[in-house]
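Survey of secondary and tertiary structure
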Amino acid sequence: MTRTILHHLAAALLAVVGLLPALPASGCTSILVGKKASACGSAFITYNQDDYGMYGRLIYLPAARHAKGDMRRIVNGDNNHFMGFIPEAEQTYAVMGYINEHQVAITETTFGGREELHDTTGIIDYTSLITLALQRSRTAREAISVMTTLVQQHGYASEGESFSIADPNEVWILEMIGKGGHERGAVWVAVRIPDDCIACHANQSRIHRFDRKDKQNVLCSRDVISFARKQGYFSGRDEDFSFADAYAPADFSGMRFCEARVWSFYNKWVDGMDKYLDYVDGRHIGQAEPMPLYFRARTKLTLADVMESMRDHYEGTPFDVTTDCGAGPYQAPYRPTPLTWEYEGRRYFNERPISTQQTAATMVIQVRPNMPNAVGGIIWFGNDDPNMVPFTPIYCSATAAPVCYDTPDASDVKFSWQSAFWVQNWVANMTYPRYSQLFPSLRQARAELEQGYLAAQHNVEEHALKLYQQSPDEAIRFLTHYSSDCANRMMQRWTALGQYLIVKYNDQVVRPEKDGRFLLTPDSLGQRPVRPGFNDAYKRTIIRETGNKYLMP
């Protein structure tokens, strides 16, 4: 067998990026918005890449042609384990993270499903499957075909997955689970999200009943029902078959930690979602009506709306994490892990919102049917918890990832001031312990950057389109430079933000300032800092817990 240098390079990149981590049932979140459900005619899919200890980065893979007989080395993205070789495609397309040069985009969440269906004999893991599909597909439907054909030919080596798959014209959810070594391949179903609808998945299988006769909007493996019958997972009529019920039966964690996130997204944009509270609270398994796969929103979503939806902490809902003593004296919408914990022999849990501190990378992917691919596709990217970072635009035609998102000398155990991951985590981890004090400054900086990028988008793309008419290569060079410039501006602003926060709030006090400048004494020293102490709500908590222990005589 022959293998080119490029194949080794691509394999090495895949091994380094480990595109997606191994995730428990409480991992990632993905939102989907059809092109007629958005205010600008774009389709969107999103991704919070959640995994403690993971180093998030954005990898660019160039397009290439390959000789007959070339083989592709497959490395499991979860554990870096070599899986085997498969034949390489004659042509592979350029990929920027989770979007390719044709505006095909793919993200995922792991739902796990029945443990006995995890096939340890397969070659293709879900991380490799995403990259392979992006490198080999020009449309979402073609990506589904590539993914399902590959696992049929080479075996599927991962747990149950939900994939968001989009191109400028269609948005799909594909759900797939292996066959546990009983047979090669996987069982799967893919449902197209109507153009005027929104959808979401968050580590729990979301496809219940589906119409196999609707070939335009539903695709599935031939044995998706018969295999379930064979394994004893289903015995009813075909028309009553539920993929989720058969292959990922509901339990408390699947509802409260996963479907509740989906509910919270819908609750922002869809009326009447209270009727599904019993379904997502995890305490009414089998008694409550499941949420539909998709809804029509009460209003069309803007790009900014989608970004904000990724920052949700259940605010204003029965699951709000900011309103009890667990939020601490600074009303933090975060909880320490693990997600479940024990005390005096009883088990408890923390809520698990969409936005969480464990995010290694976050993105909103925008694809548009009314523009050339080079200009239409954008991955709006951040390198930490989406609540703590701005989304910066990286165009799908860019020929290199910004250095701060793919820093050569940085890793999960090596800090670098050139790495967005580490600079953004540095700022976030200053903010978490005194959230209500520090977050307003972070939110202001985040808004300044995002609003600047959004305000500039029209003029930038108008210029890019003019260049594209004259020379596509010139347009691509311009967008590559602009993408890196946006990332560099973020790094400069975020470094300055971190420096400001440590000076302003050092040692749990607050230095006074006016008009953006710290106040000085007549002798040019910093004015004495303010010592705000606890707010009244937390003072009441202390007194309730300690009685008169701290009462002054």
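The model shown is predicted, which means the values in this text are computed figures rather than measured ones.

1. With respect to the packing of aromatic side chains
Inspection of the entire model under this criterion finds 28 aromatic pairs. Taking the centre distance of 4.8 Å and the plane angle of 75° together, the rings of Phe381 and Tyr405 count as edge-to-face. Note that Phe381 is positioned in strand 20 (residues 378-382) and Tyr405 in the loop between strand 21 (392-395) and helix 10 (420-431), a separation of 24 residues in sequence. Each member of the pair, Phe381 as well as Tyr405, carries the same accessibility label: buried. Taken together through their ring pairs, the aromatic side chains of Tyr55, Phe415, Trp417, Phe421, Trp422 and Trp426 make up a single cluster. The aromatic ring of Phe227 is capped on one face by Lys179, whose charged end is 5.6 Å from the ring centroid.

2. Here's the deal with the nonpolar core
Core analysis: the largest hydrophobic core is formed by 150 residues, its most contacted members being Phe163, Ile165, Phe241, Tyr247, Tyr266 and Ile379. Apart from the residues within four sequence positions on either side, Tyr247 is in contact with Gly113, Arg114, Leu117, Ile177, Val187, Asp223, Val224, Phe227, Ala228, Tyr233 and Phe241. By size, the runner-up hydrophobic cluster in this structure holds 5 residues, among which are Tyr55, Ala360, Ala410 and Phe421.

3. Examining the pairing of strand 13 (residues 186-193)
Most of strand 13 sits out of view: 8 of its 8 residues are buried. Both faces of strand 13 are covered, namely the face carrying Ala186, Trp188, Ala190 and Arg192 and the face carrying Val187, Val189, Val191 and Ile193. Here 8 bridges tie strand 12 (residues 171-178) to strand 13, and the two strands are oriented antiparallel to one another. Counted as the bridge partner of Ile173 is Val191 from strand 13. Across 3 bridges, the pairing between strand 13 and strand 15 (residues 218-220) is antiparallel. Within the sheet, the bridge partner assigned to Val189 lies in strand 15 and is Cys220.

4. Some details on the environment of Gln91
Along the polypeptide, Gln91 turns up in strand 7 (residues 91-92). Placed 24 residues apart in sequence, Gln91 and Ala67 show a C-alpha to C-alpha distance of 9.2 Å. Once residues lying within four places of it in the same chain are set aside, the contact partners of Gln91 are Ala63, Ala64, Arg65 and Gln135. A polar contact is formed between the side chain of Gln91 and the side chain of Arg65, at a distance of 2.6 Å.

5. As for unusual backbone geometry
In this model, Thr337 is joined to Pro338 through a cis peptide bond whose omega is 5°. A positive phi is found at Gln331, a non-glycine position, where the angle reads about 50°. Along the chain, the position of Gln331 falls in the loop between helix 8 (303-309) and strand 17 (340-343). Taking relative accessible area as the criterion, Gln331 reaches 29% and is therefore assigned partly exposed. The residue Asp515 is not glycine, and still its phi comes out positive at about 55°.

6. Quick word on the environment of His313
As for its position among the elements, His313 is in the loop between helix 8 and strand 17. Along the primary structure His313 and Ser30 are separated by 283 residues, whereas in three dimensions their C-alpha atoms are 15 Å apart. The contact partners of His313, leaving out residues within four places of it in the chain, are Asp320, Val321, Pro333, Tyr334, Pro353, Ser355 and Asn387. Here Arg311 takes part through its backbone oxygen, which lies 3.4 Å from a polar atom of the side chain of His313.

7. Considerations on the side chain of Arg57
Note on placement: Arg57 falls in the loop between strand 2 (43-50) and strand 3 (60-61). Among the polar contacts listed, one links the side chain of Arg57 to the side chain of Asp406, at a separation of 3.1 Å. In this structure the side chain of Arg57 is engaged in a polar contact, spanning 3.1 Å, whose partner is the backbone oxygen of Thr407.

Thresholds, definitions, all that
Every chain is numbered on its own, with residues counted from 1 as its sequence reads. The predicted origin of the model limits local features to residues at a pLDDT of at least 70 and limits the giving and counting of side-chain atom pairs to 80 or more, whereas totals for whole chains, interfaces and linings rest on all residues. To get the side-chain values, take all heavy atoms of the structure and skip hydrogens and water. The rule is short: rings of Phe, Tyr and Trp, with Trp giving its six-membered ring, pair when the centres are within 6.5 Å, and they are stacked under 30 degrees, edge-to-face over 60, tilted in between. Per the convention used, a helix needs a DSSP run of H or I reaching at least four residues, while a strand needs a run of E reaching at least two, with both numbered from the N terminus. In this scheme, a residue with accessible area under 20% of its type's maximum is buried, one over 50% is exposed, and one in between is partly exposed, where area comes from a 1.4 Å probe on protein chains only. Only when the NZ of Lys or the CZ of Arg is both within 6 Å of the ring centre and within 35 degrees of the ring normal is a charge said to sit over the ring. To define a nonpolar core, start from buried Ala, Val, Leu, Ile, Met, Phe, Trp, Tyr and Cys residues and group those joined through side-chain atoms within 4.5 Å. In this analysis, two residues are considered to be in contact whenever any of their non-hydrogen atoms come within 4.5 Å of each other. Paired strands, in this sense, are two strands between which DSSP finds at least two bridges. By the criterion applied in these results, polar contacts are pairs of N or O atoms within 3.5 Å in which, for protein atoms, one can donate a hydrogen and the other can accept it, and in which residues neighboring in sequence qualify only through two side-chain atoms.

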